[in-house]
Every structure is written in C-alpha cells, then in structure tokens.
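# Descriptive structure summary
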Amino acid sequence: MTVNHAREDMSIVIVGHVDHGKSTIIGHLLADTKSLPEGKLEQVREQCRRNARPFEYAFLLDALKDEQAQGITIDSARCFFKTKKRNYIIIDAPGHIEFLKNMVTGASRAEAALLVIDASEGVQENSRRHGYMLSMLGIRQVAVLINKMDLIQFDEKKFTRIVEEYSDFLKKIEITPTCFIPVSGYQGDNIANASKHMPWYHGPTVLDVLDGFITEIVPENQPFRMPVQGVYKFTRDGDSRRIVAGTVESGKLRVGDEVVFYPSGKKSIISSIEAFNKEKQMEVGTGYATGFTLQEQIYVTRGELAVIASELKPRVTTRIRVNLFWLGKDPMQMGKTYQLKIGTAKVGAKIAEINRVIDASNLNYEKKDRIERHEVAECILELDKAVAFDVSSELAQTSRFVIVDRYEISGGGNIQDGLDDKQSWIRDKVMLRNFKWEKSLITDEERAEKYNQKSVLILITGKKDVGKKRIAKALEKKLFDEGKIVYFIGIGNVLYGVDADIKGINNHRMEHLRRLSEVSHLMLDAGAILIVTAVDLTNEELELMKTTLNPEKIETVWVGDDTDTDLAYRLYLPIGSTEEEAAGKVKGMLQERGIIFKP
Ligand code: GTP
Ligand code: MG
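Since we're looking at a predicted model, the values are computed, not measured.

Remark on secondary structure: sheet strands pair via backbone hydrogen bonds, oriented parallel or antiparallel. With antiparallel pairing, the six strands of this closed barrel are ordered in space as β7-β8-β13-β11-β10-β14. Geometrically, the sheet is characterised by an average inter-axis angle of 50° between neighbouring strands, direction not taken into account. When strand β10 (residues 258–262) meets strand β11 (residues 266–274), the two strands line up antiparallel, connected through four bridges. By the bridge assignment, F261 is partnered in β11 with K266.

Here is the structure:
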C-alpha cells in the first residue's frame with residue numbers, strides 16, 4: 001500500500017431536517033468533483049428511466065454504498081471524495097441517534113459540519129436542534145447551506161431572511177457560522193460551481209468552503225488517550241506476556257513511554273507495541289487499534305484510560321457536571337439508574353441534580369425534575385463507580401459519553417466538569433500510591449500458584465457483640481490448619497500501632513479505615529488471605545475500602561440480623577451458628593468464588 005503523506009483527511013458531518021436535501025447535495029458534490037466511478041451517473045439515470053422514476057442525486061449514494069464499503073464494516077451513511085486539497089469523509093447522519101452514536105463512540109470525529117435548511121420550508125425545529133448538538137459536541141466550523149433555492153426562484157430577500165433568523169439562533173449557542181451559501185442541490189447551483197442564477201451572491205461554493213475548513217489541532221499533538229478495551233494473554237507457548245489493547249483516541253504512543261492507567265493510577269513503561277498481523281512498531285498514533293506490552297505486570301482492566309505520565313492528567317471521580325441531550329421515548333428521570341458509557345467504561349449513572357432543562361429548538365429553559373425527549377439539560381450525574389475522562393474544554397473526544405436505557409442509546413453529551421465526591425480525598429492518595437508503587441518481579445498469578453490460593457480480604461462485619469471476632473479467629477485457624485497463608489487483623493492491632501497518632505476512633509473513623517485498608521493492601525499484595533472484623537460497616541465505608549483496594553479482592557460477611565444494614569454483603573451468617581459452622585460457610589464461599597480450591 002502506498003501512503004501519500006502529503007494528503008490530509010477530513011471528516012465532515014452533514015445534518016439537517018428530514019428531506020431538506022442532504023443526500024442530494026452530497027450526490028451532486030460527488031458527481032461534480034468526478035468522485036463517482038466511471039459510468040455510475042449514467043447507470044443510475046438509466047435505471048431511473050427504466051423504472052419510470054425521476055432521477056435523484058440521492059440515489060447515487062445508495063448505488064455507491066456497496067462499492068465503497070468493500071467488506072469493511074462501516075455504517076452505510078458515509079462516502080468519500082477528494083479535492084485537490086485533501087480527502088473527505090462525509091458522514092450523512094440520518095437521525096439524531098446515529099449522529100450522536102457516531103460522534104461519541106469515536107466511529108467518526110467530524111471536524112466540521114454542513115447544516116442544510118430548505119429555503120422553501122425555512123428554519124425547522126430540527127434545524128435548531130442539530131445546531132445545538134453541533135455546539136454541544138464542540139464542532140465549531142459550521143457552514144449553513146440554504147438549499148432548494150430553485151423553489152423560491154433564487155430570491156435574495158427570502159434567503160437573507162432565513163440567514164437573519166438562523167444567525168440569531170446560532171449566536172445564542174455560540175456558533176459563528178463560517179458562511180451561509182444559497183444552493184440548489186438538485187440543479188447544482190453553488191455546489192462545486194458558482195451559480196448562474198444568483199448573480200447577487202459572491203461568496204464561496206460548497207466545495208470552496210470545504211477546502212477552506214481548517215484541520216483542527218492534529219489530534220497527535222494532543223495528550224495520548226487510549227481507553228483499555230481488554231487485556232489479553234499471548235497464547236503462544238511459554239509467552240507469559242499480556243497485551244493491553246484498545247484504540248488510540250488522541251495523541252501518540254512510543255515504546256519506552258511511561259503510561260499511567262486511570263482510575264487506578266497504576267503505571268508502567270511500554271515495552272513493545274504490537275499490531276495484528278503486522279511487524280512490531282515503535283510508535284502508534286491517533287485512530288489506530290493497537291496493543292502494547294508493559295515492562296512490569298500490573299493489573300489493569302477494561303474501562304481504564306491509558307495516558308502518558310508526563311502529559312495532561314485526566315479527571316477521575318463519580319460526580320460529573322454534564323450537558324446532556326435526551327432522545328429516549330420516556331423522559332430521563334431523577335433517581336433512576338441508567339448506564340453511562342464513556343470510552344470503554346460502562347457504569348451505572350443517576351441524575352443527582354438538574355440545573356436547567358433547555359428546549360433545543362427554541363432555547364427556552366426552565367427548572368424541572370425530568371428531561372423530555374429532544375431536551376437538553378445541564379445536570380449533575382452520580383456514577384456508581386469512578387471513571388476517568390477529560391472535561392470538554394480540555395479534550396473533547398474523551399469528554400463525550402452516551403446514556404443507555406434498557407440496551408438502547410437514549411442520550412449523550414459531554415462532561416463539563418469533574419466534581420469532588422466522598423472518595424476524592426482518598427482516591428488521590430491511592431492514585432499517588434499506585435503511581436509510586438515499587439513493582440516486584442513476582443506477579444500475582446505466580447504467588448497464587450505457589451500458595452495455592454488467591455489473595456483476598458474477608459471483611460466480617462455486623463452489630464456489636466454478635467461474635468465477629470470469634471468467627472474470624474476460628475476461620476483463621478481452620479484455613480491455617482489446612483495449609484493456607486492466612487492472617488487475622490483485629491482492629492486493636494492497628495489502632496494502637498499504625499493509628500497511634502490519631503486520637504479517638506469515632507471522630508476519625510474514615511482515616512482509621514483508610515489505614516486499615518492500606519495495611520490490607522500490603523498483605524493482599526503479599527498473597528495472603530486476610531480476615532478483618534469491623535463493627536457495623538456501612539456501604540459508604542465499604543466504598544472507601546473499594547477505592548483503596550482492588551474491589552474484586554474484597555468479600556463481605558454480615559453477621560446477625562440482616563435487616564439492620566444497607567451493606568451489599570456477599571455472605572450472611574445468622575446469629576447463633578457455632579464458630580465451626582460459620583467458618584465452614586465462609587470457606588464454602590471462598591471455594592465457590594475460586595479463591596481457594598477444592599482438594
Ligand atoms: P433524509 O435523508 O430523508 O433526511 O433527506 P435528505 O435531507 O437527504 O433529502 P434528500 O436529498 O433525499 O432530498 C429530499 C427531496 O428534496 C428529494 O425529493 C430531492 O429531490 C428534493 N431536493 C433536494 N434538493 C433539492 C433542490 O435543491 N431543489 C429541489 N427542487 N428539490 C430538491
Ligand atoms: Mg438523506
């Protein structure tokens with residue numbers, strides 16, 4: 001394959017109300033720029049004649065679909081053409097959802113937009129909604145095409161009236177249009193060639209304006225971002241390396257770069273960049289699906305965001321301030337849990353606060369407690385797990401998300417700000433700890449294999465005096481006698497040692513818990529099964545521990561009446577069972593969870 005480095009690509013999205021002429025304009029553009037395969041135009045015209053249908057330029061797009069797709073799975077609504085200046089990818093967004101999906105999932109990243117308005121129908125609700133979405137998604141270069149000028153006899157006054165009306169609207173949403181062009185997609189006026197019918201117009205044609213758009217900051221000069229899609233083991237014999245795979249959203253990665261994964265904050269150095277069925281590379285840039293191996297084995301998972309240590313840090317939190325566009329049939333409601341997808345992360349999300357709701361078609365806004373279809377809201381979302389992201393003023397691509405309601409994309413938007421949550425103070429410490437962590441030559445798996453057990457924290461909790469300690473000690477003894485590496489920590493063991501400098505357990509419960517979690521973290525890293533008892537652990541406290549430790553390595557046991565707690569525990573032990581019975585049940589749970597293995 002020969003690559004022409006001198007040529008640049010640009011993606012353009014074309015939007016507008018239904019039937020205002022998007023496909024016709026693209027069809028004509030393809031025909032006039034000779035981007036169609038030899039004979040295609042005649043072939044489609046001939047087909048129309050035979051079927052006694054009027055010829056439509058829009059049909060050209062359908063006819064091209066099969067040829068241009070060439071077996072690659074891309075959505076049908078794209079086509080390609082070249083000018084002397086560069087290669088274009090035009091994305092014809094058939095509806096709001098497709099547009100949003102394209103923009104957010106990274107399937108495309110339009111740098112500029114053509115917005116089409118039918119001159120005879122004038123500005124419609126959707127013309128405004130689309131404008132609003134462009135603004136929300138951070139697309140700043142917008143050319144407005146007033147189409148079907150032939151239907152209004154190429155009347156300058158009518159054109160000017162639409163321009164004035166729509167300019168007013170765009171001003172309010174902070175879009176300064178590149179230009180307004182009177183066109184006829186049907187007859188080809190001002191598409192690739194200046195119109196003979198509108199001597200009063202002296203501005204650019206559609207083709208001129210496309211070539212005039214500026215390529216936005218080359219994404220490769222932006223900070224490196226790669227959402228982790230998965231971590232895969234090499235399958236070849238004797239190769240124990242793991243590949244961290246994903247698609248580069250922005251920036252560039254080179255062998256030897258130090259990368260950090262967020263939210264965990266774990267870091268390592270790129271050892272190799274692997275490519276599927278290709279030679280190894282020394283670097284990889286924006287837009288490529290890739291995989292890399294690391295110098296040390298660290299535990300990273302799907303949903304984390306890989307960044308370069310020396311570049312802009314992403315934000316990490318569970319509370320975000322967003323601009324959100326709602327498209328679901330049912331309104332988006334406060335308190336209901338939806339799924340939020342950002343990068344490869346997928347987490348539960350709830351509206352915590354709605355600051356205001358805006359009707360995108362007229363920009364009226366009001367304070368309300370739900371978001372109806374086609375409305376835009378400024379709101380605060382609460383996530384059930386921290387995610388890593390950028391804010392839209394810093395890096396647009398990694399600030400975009402979609403909201404899924406019952407398996408369907410029902411909304412989307414961008415993150416304006418990351419807000420502090422209850423775990424922020426501890427998360428920052430943990431990220432720093434992980435960042436500074438001295439890595440051992442021995443991996444987690446190697447330890448597990450040697451000790452014949454996975455490390456785990458068994459948290460035994462319940463009200464006062466329900467026998468937590470007795471159970472914990474019996475469990476420790478039982479596992480020890482069976483050859484396990486196991487350790488019980490009573491709260492007193494840390495209280496008067498590690499915590500000796502903090503006075504009073506109740507005033508500083510969170511700090512005590514943080515230190516207990518850090519001690520646990522060390523023991524888990526050493527490969528042990530750790531048993532800890534705590535009085536009346538709440539979900540909030542458990543969240544704190546999950547922020548400090550790998551949540552998958554925590555198993556909770558509630559002793560006593562289970563109506564007394566909000567804790568989402570794994571195992572429940574009623575009061576009154578003997579220590580032996582209780583220890584047996586916990587052991588059974590460990591076996592079920594694959595932490596220890598049946599003999
Ligand atoms: P959707 O994809 O359904 O949203 O429509 P669209 O925006 O792609 O519109 P399309 O290009 O399919 O055009 C809709 C109708 O308007 C077709 O019948 C076109 O022939 C007609 N049309 C498009 N451009 C012009 C024009 O400049 N003048 C006239 N008279 N008709 C036009
Ligand atoms: Mg169309």
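Moving on: the site of ligand 1. Taken together, 15 residues sit near ligand 1, with K22, S23, T24, E56 and D150 positioned nearest. Contact distances for ligand 1 include 3.0 Å between an oxygen atom and a side-chain N or O atom of K148. S184 places a polar side-chain atom, nitrogen or oxygen, 3.2 Å from an oxygen atom of ligand 1. No other element matches helix α1 (residues 22–32), which puts three residues into the shell around ligand 1.

Moving on, we get to the pattern of salt bridges. For the structure shown, the criterion picks out 36 salt bridges. Measuring nitrogen to oxygen at the nearest pair gives 4.0 Å for the salt bridge that ties E372 to K368. Residue E372 is classed as partly exposed on the basis of its relative accessible area of 26%. Each of D330, K336, D405 and R406 takes part in one network of salt bridges that share partners.

The next thing to look at is unusual backbone geometry. Excluding glycine, residues mostly carry a negative phi; peptide bonds, for their part, are mostly trans. Following Y262, the chain continues to P263 via a peptide bond in cis, the omega torsion being 10°. Relative to the helices and strands, P263 is located in the loop between β10 and β11. Of note in this structure, D19 is not a glycine but carries a positive phi near 70°. Looking at the element boundaries, D19 is found in the loop between β1 (8–16) and α1.

Extensive coverage of α1 is indicated by the burial of nine of its 11 residues. Looking only at α1, the buried set comprises K22, T24, I25, I26, G27, H28, L29, L30 and A31. Positive backbone phi, at 55°, marks K34, one or two positions downstream of α1.

Checked against the element boundaries, K468 lands in helix α10 (residues 468–481). Discounting chain neighbours no more than four positions away, the residues touching K468 are I460, T461, G462, K463, T533, A534, V535 and V559.

Confidence in the prediction of the protein, expressed as mean pLDDT, is 88, and 91% of residues score 70 or more. Element-level mean pLDDT values for the protein span from 66 in helix α4 (residues 96–105) up to 98 in strand β6 (residues 179–182). Overall, residues 1–5 carries pLDDT values under 50, and its contacts beyond four positions in sequence, including any with other chains, amount to zero contacts.

Take the side chain of H20 next. Tracing the backbone shows H20 in the loop between β1 and α1. Judged by relative accessible area, which is 0%, H20 ranks as buried. In terms of polar contacts, H20 uses its side chain to reach the backbone amide nitrogen of D118, at 3.0 Å. Ignoring any residue separated from it by four or fewer positions in sequence, one finds H20 in contact with V116, I117, D118, E121, G122, Q124, S127, N147 and K148.

Once that is clear, we can look at the packing of aromatic side chains. Inspection of the entire model under this criterion finds eight aromatic pairs. Between F81 and Y88, the aromatic rings sit 5.2 Å apart at their centres with planes inclined by 20°, giving stacked as the arrangement. The pair formed by F81 and Y88 is uniform in burial state, with each residue classed as buried. Here the aromatic rings of Y569 and Y572 are separated by 6.1 Å at their centres, their planes lie at 35°, and the arrangement is tilted. Here a set of aromatic residues connected by ring pairs shows up, and it is made of F159, W200 and Y201. Against the face of F55 rests R45, its NZ or CZ located 4.4 Å from the ring centre. The lysine or arginine in question, K267, covers the ring of F435, its NZ or CZ lying 4.2 Å from the ring centre.

Glancing now at the environment of D257. With respect to the element layout, D257 can be found in the loop between β9 (252–254) and β10. The spatial distance from the C-alpha of D257 to the C-alpha of A474 is 49 Å, given a sequence separation of 217 residues. In this view, D257 contacts K252, S268, I269, I270 and I308; residues no more than four positions away in its chain are not counted. Among the polar contacts listed, one links the side chain of D257 to the backbone nitrogen of R254, at a separation of 2.7 Å.

This paragraph deals with the sheet that holds strand β24 (residues 456–462). Strand order across the open sheet formed by five strands is β25-β26-β24-β27-β28, with parallel pairing between neighbours. The strands lining the two open edges of the sheet, one partner per strand, are β25 (486–489) and β28 (571–573). Neighbour to neighbour, the strand axes of the sheet diverge by 20° on average, direction disregarded. Where helix α13 (residues 539–548) meets the sheet, it contacts β24 and β27 (554–559), and its direction lies at approximately 160° from that of β27.

Let us look at the pairing of strand β13 (residues 289–294). The buried count for β13 comes to five of six residues, which makes it a mostly enclosed element. Where strand β8 (residues 242–247) lies against β13, four bridges are found, and the strand directions are antiparallel. Bridge pairing links G246 to T290 in β13.

This part takes up the packing of helix α8 (residues 424–436) against α13. Contact geometry for α8 and α13: axes closest at 9 Å, N-to-C directions at 20°. Classified by the interaxial angle, the pair formed by α8 and α13 is roughly parallel. Classified by chirality, the crossing of α13 by α8 is right-handed. From α8, W425, I426, R427, V430 and R433 reach across to α13, where they touch L544, T547 and T548. Counted by class, the contact of α8 with α13 contains four nonpolar, two polar and two charged residues.

Counting 76 residues, the largest nonpolar core has V13 and L134 as its most contacted members. Two domains each donate at least three residues to this core, and these are domain 1 (8–212) and domain 3 (315–425). Those residues in contact with L134 that lie beyond four places of it in its chain are V13, V15, F99, A113, L115, I139, V142 and I175.

Turning our eyes to something else, we now look at the pairing of strand β18 (residues 345–359). With five bridges connecting them, strand β17 (residues 338–342) and β18 associate as antiparallel partners. Among the inter-strand pairings, Q339 is bridged to a residue of β18, identified as G348. Here β17 folds back onto β18, and the loop between the two strands holds two residues, one of which, G343, carries a positive phi near 55°. Relative to strand β21 (residues 375–389), β18 runs antiparallel, the two sharing nine bridges. Along β21, the bridge assignment pairs R356 with E378.

About the criteria used
Residues numbered from 1 in each chain as written. Chains lettered and ligands numbered in written order. Predicted model: local features only at pLDDT ≥ 70, side-chain atom pairs only at ≥ 80, totals over all residues. Heavy atoms only, no water. Pairing = 2+ DSSP bridges. Helix = DSSP H or I, 4+ residues; strand = E, 2+ residues; numbered from the N terminus. Axes fitted to C-alpha atoms, helices over the stretch in contact; angles between N-to-C directions. Near = heavy atom within 4 Å. Polar contact = N/O pair within 3.5 Å; in protein donor to acceptor, adjacent residues only side chain to side chain. Salt bridge = Lys/Arg side-chain N within 4 Å of Asp/Glu carboxyl O. Buried < 20%, exposed > 50% of the residue type's maximum accessible area, 1.4 Å probe, protein only. Contact = heavy atoms within 4.5 Å. pLDDT = per-residue confidence, 0-100. Phe/Tyr/Trp six-rings, centres within 6.5 Å; stacked < 30°, edge-to-face > 60°. Lys NZ or Arg CZ within 6 Å of the ring centre and 35° of its normal. Parallel < 35°, antiparallel > 145°, perpendicular 65-115°, else oblique. Left-handed = near helix turned anticlockwise from the far one by under 90°. Nonpolar A, V, L, I, M, F, W, Y, C, P; charged D, E, K, R; others polar. Core = buried A, V, L, I, M, F, W, Y, C linked by side-chain atoms within 4.5 Å. Domains from an automatic or database assignment.

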